[in-house]
Amino acid sequence: MSSKACIHFAFPGITQKPLSKGLPGASSSHHHSHFLSSSCSSRSVMESAVKDKTQPTLSSGSYCPGPEWPEQERAEQLARGAALKWASGIFYRPEQLARLGQYRSREVQRTCFLEARIKSVVQSYLEGVQTGMWQLSQALEAVQGAREALSQTHGLIQDMAQASKALEALREQAVQHKQLQALSQLLPRLQAVPASVTQTKMLIDAQKLLEAYVSLRELEQLQEEAWVSLGGLELPVFQGLGHLAEALGHAVEAAAGAAGQLARTDPALLVAAIRVAEMEAGRSTPPGQVPRDWQQRCLQALQAGLEQVHFGTTVLPEPGSLAEWLKALQVALPAELATAEALVAPCCPPHYNVVQLWSHTLHNGLRRSLQQLLEGPELGAADAFALLHWALHVYLGQEMMGGLELGPEADVSQLEPLLTLGNIEKLEATFVIKVQASVAQWLQKALDGEVAEWGREEEPNTDASGFYHSPMPAIVLQMLAENIHLTSMVSESLQHRVHDMALSELGTFLRSFGDALIQFSQDHLNGEAPAPHYVSYLLAALNHQSALSASLTVLHLDGVAPGVLAPVEAGLDELQKRICRLVLEALQVELRPLFAALPSRQWLSSSELLDCVYKQTSNFCRDFRRVRHPAVQVLLAEAERTVVVQYLHALMQGRLVCRSADERAQAAERLQHDATQLKELFLSLGLEESAHCTPVLLAVRELLNLCDPTLLGLEVASLQQQFPDVSEDHVSALLDLRGDVSREQRQAVLSSLEAGPPPSPLTGRRALFSLVPAPTPSLSTCLSGLCS
């Protein structure tokens, strides 16, 4: 075994370095045995040196036993084989044996050098171990010394604890002696405590707050002194001081709560209460004692008392009495602020800001009261309006919180408003709903009263000018206009809401008025409830419509779109047409029997039949003079058109067919006479000439008076240009009236009418033929009909 392996097992801490590395090896077993014996000799020298210094117990590896690990054995075999291979190569030739002495001496030197390095490393390791062993022995001696010192200290502590227990009773006696000594010194003062407590209570009851506070402080100082002197011992004699201080605090609060009244009747008491609160605020609170904070309680009492006086729950207004309550506040709140500025402020320190405190307290109290009021039952229209107007205009106005004499301290404009936007929206909606219900009910009652007048035995009332008159239209518009104007005192939004509501209710009223007229007409014509003056009351209703239309501008608002009144104006126009239609239906009922006899042979030869029509129409339209302009012109024009339409309708019924040119000339002359008579009639009634419809009769006259039937196409074309609403059926009926038109001529006229240029539109012209029921087309010629 190599010396490298022996050294490795003897000193495992040394890094293993193979000694055979670079060894040239041996060429013979002799050389190898010499090398091994030299190595073992060196190992014996090192072991003896180590034993001389440390005498350690060497491990079994010191005697080069067999390998302990398989890897070591394999490594030694490889090393041995390599050495033998190298030695056999070197000493293979005889001439190399001469250099064997040199090789041996070089290997001896190398071995000595390696042994010296190994010895140095081992020596250094052993010196470190020796130093560590010395330090461990020193530490052991120090630990033993500390243990002995701790043991002695523990004994001393136990001795001191036993001595302290022996002195405990003496210490307690010393404390008791000290407390008794302090108690004996305080005893005269302590004996007077019950009497002082009683006296302080009497001072509080007598509202002598300053004296009571001084006495209370003396007692509390004595209590603090006794507590310190007695080492924190509480004496039973001071048990009532807490209740006494609380009673004084309540007395201060009560005086502050009645500040407004005391400022007038007993300002000294108010000053005393404020001074007590201020002195208590300036006192330093002893440790462990809760601050009484009488100053804050005093301010809170000032606010609570002020709110209770004006806004207590028992003084909230009942429904319907809100306006009186607000009016009372309008007087009371400025007076309260003036009192605060003149009387209460001098009794309080400047930092109380009494006027500002008063104004803010009153404002917040009023705001809470109004919120409670709005959370209760829904307000009526009058209460909602009064609250809106008062909160938005009166409260911040010059007569109340905006008054210059109150000074800037009373300004509440920067605080939360009395009514939130939600409150205002709710109140406005409530007001509009209530007013709308009231207006609708009032309008219905007014209409019912007017309808009840229609069945009277007397004619409608007239004004000084002789026109039918009723105060209802003026009252209706005045009531609506007043509601609109009244809401302008609150806000523009409310005014627009009420304006829209008024127009809506007026439109509903007009529709109801028209429905009532229709029912009135039906009852009269059916005989269920005949009215003695049916037409007169219809004419009076037409005057009502005219009055409403003429005065509708009173409902117009500045800044509102012009077309906002258009629905109401359309409703008024519809009402006027409905009334005119009812009047004309009554006229038709009276004229229908007369026109049933037209045309006839008697009509050709005499004007008697038309005289009856003239007379009946004149009698019917006699009361038209009691209708105001411009409605009377509309009514007269419609009446004249109705007579003309009835006339045309009678001509086209085929009751008369002219047999000769003389009869056609008579018919044409009769048409001219009748047209002139009707024109004179309606001119006498006041109808403007430009509105007459009688020219259509003259146009029919020209058609009958034409002698040459071949020119009928031109005449019919002229008729169509004048009256574009004429139809082929109407022309055919008029040709039947001539009695001399052949079938071919009729066909040619109708074809030319159909093929001719379209007539000019009906713009600006009144419809006539379109109102005449078209007769059934007839194929008869001039010889097919018989004159009745």
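Nothing here was measured: the structure is a model prediction, and the numbers come from that model. (Residues numbered from 1 in each chain as written. Predicted model: local features only at pLDDT ≥ 70, side-chain atom pairs only at ≥ 80, totals over all residues. Heavy atoms only, no water.)

## A few points about the overall build of the protein
Moving on, step 1. For the protein, the helix and strand inventory stands at 26 helices and zero strands.
Moving on, step 2. For the protein, buried positions account for 41% of its 788 residues.
Moving on, step 3. Sequence-distant contacts, at least 24 apart, represent 77% of the contacts inside the protein between residues at least 6 apart.
Moving on, step 4. Total accessible area computed for the protein in this model is approximately 42700 Å², and 56% of it derives from carbon and sulfur atoms. (Helix = DSSP H or I, 4+ residues; strand = E, 2+ residues; numbered from the N terminus. Buried < 20%, exposed > 50% of the residue type's maximum accessible area, 1.4 Å probe, protein only. Contact = heavy atoms within 4.5 Å. Areas by Shrake-Rupley, 256 points an atom, 1.4 Å probe, with all protein chains shown as cover.)

## Describing the packing of helix α20 (residues 608-620) against helix α22 (residues 661-685)
Moving on, step 1. Relative orientation of the contacting elements α20 and α22 amounts to 15°, with a least axis distance of 11 Å. Considered as vectors, α20 and α22 are oriented roughly parallel to each other. You can see that α20 and α22 cross each other, and the crossing is right-handed. From α20, Leu610, Asp611, Tyr614, Thr617 and Ser618 reach across to α22, where they touch Asp674, Gln677, Leu681 and Phe682.
Moving on, step 2. Grouping the constituent residues of the contact of α20 with α22 by class yields four nonpolar, three polar and two charged. (Axes fitted to C-alpha atoms, helices over the stretch in contact; angles between N-to-C directions. Parallel < 35°, antiparallel > 145°, perpendicular 65-115°, else oblique. Left-handed = near helix turned anticlockwise from the far one by under 90°. Nonpolar A, V, L, I, M, F, W, Y, C, P; charged D, E, K, R; others polar.)

## Structural notes on the packing of aromatic side chains
Moving on, step 1. Counted under the stated rule, the structure contains eleven aromatic pairs.
Moving on, step 2. With 6.2 Å between their ring centres and 75° between their planes, Phe595 and Tyr647 make a pair best called edge-to-face. Residue Phe595 is found in helix α18 (residues 566-595), and its partner Tyr647 is found in helix α21 (residues 631-651); the two are separated by 52 residues along the sequence. Across this residue pair, the class does not change: Phe595 and Tyr647 are buried.
Moving on, step 3. By way of ring pairs, the aromatic residues Trp454, Phe509, Phe513, Phe520 and Tyr534 are connected into one cluster. (Phe/Tyr/Trp six-rings, centres within 6.5 Å; stacked < 30°, edge-to-face > 60°.)

## Some points on the environment of Thr361
Moving on, step 1. Structurally, Thr361 can be placed in helix α12 (residues 354-375).
Moving on, step 2. Thr361 gets classed as buried once you look at its relative accessible area, which sits at 4%.
Moving on, step 3. The spacing of Thr361 and Leu306 is 55 residues in sequence and 7.4 Å in space, taken between C-alpha atoms.

## Re a nonpolar patch on the surface
Moving on, step 1. A contiguous nonpolar surface patch, about 460 Å² in accessible area, is contributed by Tyr125, Val129, Met133 and Leu136.
Moving on, step 2. Position of Val129 among the secondary structure elements: in helix α4 (residues 100-191).
Moving on, step 3. Classification of Val129 by relative accessible area gives partly exposed; the value is 39%. (Patch = residues over 30% accessible without salt bridge, like charges linked within 9 Å, V, L, I, M, F, W, Y side chains within 5 Å. Salt bridge = Lys/Arg side-chain N within 4 Å of Asp/Glu carboxyl O.)

## Observations regarding the nonpolar core
Moving on, step 1. Ranked by size, the top nonpolar core spans 194 residues in total, and within it Leu209, Trp358, Leu366, Trp603 and Phe624 carry the most contacts.
Moving on, step 2. Considering each element in turn, this core owes the most residues, 13 residues, to α21.
Moving on, step 3. If we ignore the near neighbours within four places in the chain, the residues touching Leu366 are Phe311, Trp325, Leu329, Leu333, Trp390, Tyr395 and Leu418. (Core = buried A, V, L, I, M, F, W, Y, C linked by side-chain atoms within 4.5 Å.)

## Digging into the side chain of His692
Moving on, step 1. Its place among the elements puts His692 in the loop between α22 and α23 (695-705).
Moving on, step 2. Within polar-contact distance, the side chain of His692 engages the side chain of Glu640 at 3.5 Å.
Moving on, step 3. Among all residues touching His692, those that are not within four sequence positions of it are Glu640, Lys679, Phe682, Leu683 and Leu687. (Polar contact = N/O pair within 3.5 Å; in protein donor to acceptor, adjacent residues only side chain to side chain.)

## Thoughts on helix α13 (residues 381-394)
Moving on, step 1. Look at α13: 18 Å from first C-alpha to last across 14 residues, which is about the 20 Å you get at 1.5 Å a residue.
Moving on, step 2. Within α13, the full set of buried residues consists of Asp383, Ala384, Phe385, Ala386, Leu387, Leu388, Trp390, Ala391 and Val394.
Moving on, step 3. On the buried face of α13, the contacting elements are α11 (322-344), α12, α14 (421-453), α15 (472-487) and α16 (492-525). (Expected span 1.5 Å × (residues − 1).)

## Quick look at the pattern of salt bridges
Moving on, step 1. Throughout the structure, instances matching the rule amount to 24 salt bridges.
Moving on, step 2. A salt bridge links Asp740 to Arg738, with the shortest nitrogen-to-oxygen separation between them at 2.8 Å.
Moving on, step 3. The class for Asp740 is buried, based on a relative accessible area of 16%.
Moving on, step 4. Sharing partners across several salt bridges, the network here consists of Arg217, Glu220, Glu280, Arg283 and Arg292.

## Notes on the environment of Asp623
Moving on, step 1. For Asp623, the position within the fold is in the loop between α20 and α21.
Moving on, step 2. Classification of Asp623 as buried rests on a relative accessible area of 13%.
Moving on, step 3. Counting along the chain gives 84 residues from Asp623 to Leu539, while the straight-line C-alpha distance between them is 8.0 Å.
Moving on, step 4. Non-local contacts of Asp623, meaning those with residues more than four positions away in its chain, are made with Tyr468, Ser536 and Leu539.

## Side note on the side chain of Arg217
Moving on, step 1. Here Arg217 is to be found in helix α6 (residues 209-229).
Moving on, step 2. If we skip the residues at most four places from it in the chain, Arg217 touches Glu224 and Arg283.

## Remarks on the confidence of the model for the protein
Moving on, step 1. In this model, the protein carries a mean pLDDT of 83, and residues with pLDDT of at least 70 account for 87%.
Moving on, step 2. Low pLDDT, under 50, characterises residues 1-67; the predicted model gives this stretch 92 contacts beyond four residues in sequence or across chains.
Moving on, step 3. Ignoring residues within four places in sequence, the model shows residues 778-788, a span with pLDDT below 50, making 23 contacts including any to other chains. (pLDDT = per-residue confidence, 0-100.)

## Here's the deal with helix α3 (residues 70-90)
Moving on, step 1. Its 21 residues place the ends of α3 30 Å apart at the C-alpha level, agreeing with the 30 Å of an ideal helix rising 1.5 Å per residue.
Moving on, step 2. Listed in full, the buried residues belonging to α3 are Gln72, Glu76, Ala83 and Ala87. Along α3, the residues classed as buried sweep out an arc of 35° about the axis, all on the same side. Within α3, the exposed residues directed more than 90 degrees away from the buried face are Pro70, Glu71, Arg74, Leu78, Lys85 and Gly89. (Arc of directions from axis to C-beta.)

## Some thoughts on unusual backbone geometry
Moving on, step 1. Pro599 follows Leu598 through a cis peptide bond whose omega is -15°.
Moving on, step 2. Summarising the element assignment, Pro599 is placed in the loop between α18 and α19 (601-605).
Moving on, step 3. Located in the positive-phi region is Gln207, a residue other than glycine, with phi close to 60°.
Moving on, step 4. In this structure, Asp293 is a non-glycine residue whose phi angle is positive, near 50°.
Moving on, step 5. Locating Asp293 in the fold gives a position in the loop between α9 (267-282) and α10 (294-311).
Moving on, step 6. Its relative accessible area of 46% is what places Asp293 among the partly exposed residues.

## A closer look at the environment of Ile90
Moving on, step 1. By the element assignment, Ile90 lies in helix α3.
Moving on, step 2. With ten residues separating them along the chain, Ile90 and Leu100 place their C-alpha atoms 9.8 Å apart.

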